[in-house]
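# Structural description and commentary
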Amino acid sequence: MATIGNTVCRGICSVTIQNSQGANKPPRTDFHSLFTNLPIGVFRVTPEGQFLAVNTVAAQLLGYASADEVIQRSAIDFFAHPAEWHQFLDHLREYHQPIEQYLRHQSGGWIRCTIAAHPVRDENNALQFIDATILDADTPPREENVSRGQEPRGPSLEDVMQGVAGSNAPPE
């Protein structure tokens, strides 16, 4: 499923790049419909953590009723510590592969997510924003009525970055 998310993320980024260059520009309503109606969570965020766009599926995964509720928050707030946001950005700069990450659910609990992200850079190679897909890593595809807010049960981003698996401790 992470591969599907990564493929969708790259496809959306391709549309973004084409739009920014003016070539092959699809009507804006087509892109908006794609973004809104995808059955997986999608978001765009700046390196500083400001959400630029969030679809309803991503908002619901995090426990919110609407994308507007998520956009009002900083992406950094969803991580256990601000340092984890910076580790996530470092991982993105170096590896370009999906990663599992615990994020804070609206209920106050934690949800283990798979995030496939693609950095979008300007002409000077500076990171402009990140386009990403987000999936619930603990839920089999197409399963309905999933309970949210459970305690983490897998490796943290720090463990993954250090190549250590098996940490079962929740974020502090």
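Residues numbered from 1 in each chain as written. Predicted model: local features only at pLDDT ≥ 70, side-chain atom pairs only at ≥ 80, totals over all residues. Heavy atoms only, no water.

## Quick word on the overall build of the protein chain
Broken down by element type, the protein chain carries six helices and five strands. Sequence-ordered secondary structure for the protein chain, helices as α and strands as β, is α-α-β-β-α-α-α-β-β-β-α. Relative to its full complement of 172 residues, the protein chain shows a buried share of 42%. For the protein chain, contacts bridging at least 24 residues in sequence account for 53% of all contacts bridging at least 6. With the model as given, the accessible surface of the protein chain reaches about 9,300 Å², and the carbon-plus-sulfur share is 49%. (Helix = DSSP H or I, 4+ residues; strand = E, 2+ residues; numbered from the N terminus. Buried < 20%, exposed > 50% of the residue type's maximum accessible area, 1.4 Å probe, protein only. Contact = heavy atoms within 4.5 Å. Areas by Shrake-Rupley, 256 points an atom, 1.4 Å probe, with all protein chains shown as cover.)

## Here we look at the pairing of strand β3 (residues 99-104)
With six bridges joining them, β3 and strand β4 (residues 110-121) adopt antiparallel strand pairing. Following the sheet pairing, E100 is matched in β4 by T114. The turn joining β3 and β4, which pair antiparallel and follow one another in sequence, is formed by five residues; a positive phi near 100° is taken by G108. (Pairing = 2+ DSSP bridges.)

## Quick notes on the sheet that holds strand β5 (residues 127-136)
Read from one edge of the open sheet, five strands run β2-β1-β5-β4-β3, paired in antiparallel fashion. Each edge of the open sheet is held by one strand with a lone partner, namely β2 (51-54) and β3. Each strand axis lies, on average, 35° off the axis of its neighbour in the sheet, ignoring direction. Note: strand β1 (residues 41-45) against β5, five bridges, orientation antiparallel. Each bridged residue has a counterpart across the sheet, and for R44 the counterpart in β5 is D131. Sheet contacts for helix α5 (residues 82-95): β1, β3, β4 and β5; angle to β4, the most-contacted strand, approximately 50°. (Axes fitted to C-alpha atoms, helices over the stretch in contact; angles between N-to-C directions.)

## Some details on the confidence of the model for the protein chain
Detailed conclusions should not be drawn from predicted coordinates in areas where pLDDT is low. Residue-level pLDDT values for the protein chain average 75, and 62% of them are 70 or greater. Per-residue pLDDT stays below 50 along residues 13-21; that stretch engages in twelve contacts with residues further than four places along the chain or on separate chains. Of the regions scoring below 50 in pLDDT, residues 141-170 engages in 49 contacts with residues more than four places distant in sequence or in other chains. (pLDDT = per-residue confidence, 0-100.)

## A word on the pairing of β2
When β1 meets β2, the two strands line up antiparallel, connected through three bridges. Looking at the pairing, R44 lines up with A53 of β2. Where β1 hands over to β2, the hairpin turn is made up of five residues, of which G49 adopts a positive phi near 95°.

## Quick look at the side chain of T46
Among the secondary structure elements, T46 is positioned in the loop between β1 and β2. Among the residues examined, T46 registers a relative accessible area of 9% and is labelled buried. For T46, the residues in contact, after removing those within four places along its chain, are L52, W85, Q128 and F129.

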